[in-house]
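A structural walkthrough
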Amino acid sequence: DVKVTQSSRYLVKRTGEKVFLECVQDMDHENMFWYRQDPGLGLRLIYFSYDVKMKEKGDIPEGYSVSREKKERFSLILESASTNQTSMYLCASSLVQSTNYGYTFGSGTRLTVV
Amino acid sequence: QQQVKQSPQSLIVQKGGISIINCAYENTAFDYFPWYQQFPGKGPALLIAIRPDVSEKKEGRFTISFNKSAKQFSLHIMDSQPGDSATYFCAARRNYKLSFGAGTTVTVRA
C-alpha cells in the first residue's frame, strides 16, 4: 500500500528550539507539500517542492524552511519554534501527471510548543 | 485570506438523510476541485473531484455539483451513514497547489 510517512505522531518542543519534521513517500511522486491544519482555518500551505532541491513558498512560510535532498524525503524546519506554531502539520505528495491529481497525505504530526 | 470559502462549519444529520456542504471561490484560474474526507487521527483522503467543464459528478452516495458561473460547488452525501461522520474539506487547485476550505464536521446520528 502506497503511503506518506511522517516520522513523529506527537512532538513537544520548547520555545526557541530548532525543530525538524520529516516526511517520506514511497510513491516516486515529484511534488511534495507541507500544510498546517488549525481549527476553523482548514489546511494552509507552508511550502511546496516540485523536484529535488527545488522549493516554493506557500501561503504562510514565515518562520519555516524546508529541505529536499532526495526525491522521497521532504523536511520541514522550524528555525526557532514559537507557541503560535503549535499545530497539526500534514505532509502530502502528488504526481505531476495524474488522472486525478489527488494528494496523498500522511497522518500528521501534532506539534506543541511550550 | 481564505481563497475557498466553505460552509457550514458543522452539521448534524440523521441516518439516511442528506448532508450538503457548500464552497465558493473567486479565482477563475482554479482548474480542479477535489473534496477530501478526514477521520480523527488520520490525514485527509481524496473522496471525489470534478473539473470545471463538468456540472455534476457522482460516485456512489457522494455527488459534486459545480456551478462555474456562480463560482460555487457543493458536496451532497445521500443516505448518510454513521461511518460518514468525519471532517470534509473542499479544495481548489492552481499550478499543482491546492487551496483548502476551512472544513465541515459532519455528524451522522443513528
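The coordinates are above.
**Points about the packing of aromatic side chains**
Scanning the model with the defined rule gives 22 aromatic pairs over all chains in all. Relative to Y50 of chain A, the ring of F48 of chain A has its centre 5.9 Å away and its plane inclined at 50°; by these criteria the two rings are tilted. Where F105 of chain A meets F100 of chain B, the ring centres are 6.1 Å apart and the plane angle is 70°; that geometry is what we call edge-to-face. Taken together, the residues span two chains, with F105 of chain A in strand β10 (residues 104-105) and F100 of chain B in strand β10 (residues 97-100). The exposure classification of F105 of chain A matches that of F100 of chain B, with both residues buried. Over the ring of Y10 of chain A we find R9 of chain A; its NZ or CZ atom is 5.6 Å from the centre of that ring.

**Observations concerning the state of the cysteines**
According to the stated counting rule, one finds two disulfides over all chains in the structure shown. Disulfide pairing places C23 of chain A opposite C91 of chain A at an S-S distance of 1.9 Å. On the sign convention where negative means left-handed, the S-S torsion of about -75° between C23 of chain A and C91 of chain A marks this disulfide as left-handed. Residue C23 of chain A is found in strand β3 (residues 19-25), and its partner C91 of chain A is found in strand β9 (residues 87-94); the two are separated by 68 residues along the sequence. Like C91 of chain A, C23 of chain A is buried. Between C23 of chain B and C90 of chain B runs a disulfide, and the two sulfur atoms are separated by 1.9 Å. Since a negative S-S torsion denotes a left-handed disulfide, the C23 of chain B-C90 of chain B link at about -95° is left-handed. A residue pair is termed long-range when its members are at least 10 positions apart, and C23 of chain B in strand β3 (residues 19-25) and C90 of chain B in strand β9 (residues 86-94) qualify at 67 residues. C90 of chain B matches C23 of chain B in its accessibility class, with the two residues each being buried.

The rules behind each value
Residues numbered from 1 in each chain as written. Chains lettered and ligands numbered in written order. Predicted model: local features only at pLDDT ≥ 70, side-chain atom pairs only at ≥ 80, totals over all residues. Heavy atoms only, no water. Phe/Tyr/Trp six-rings, centres within 6.5 Å; stacked < 30°, edge-to-face > 60°. Helix = DSSP H or I, 4+ residues; strand = E, 2+ residues; numbered from the N terminus. Buried < 20%, exposed > 50% of the residue type's maximum accessible area, 1.4 Å probe, protein only. Lys NZ or Arg CZ within 6 Å of the ring centre and 35° of its normal. Disulfide = S-S within 2.5 Å.

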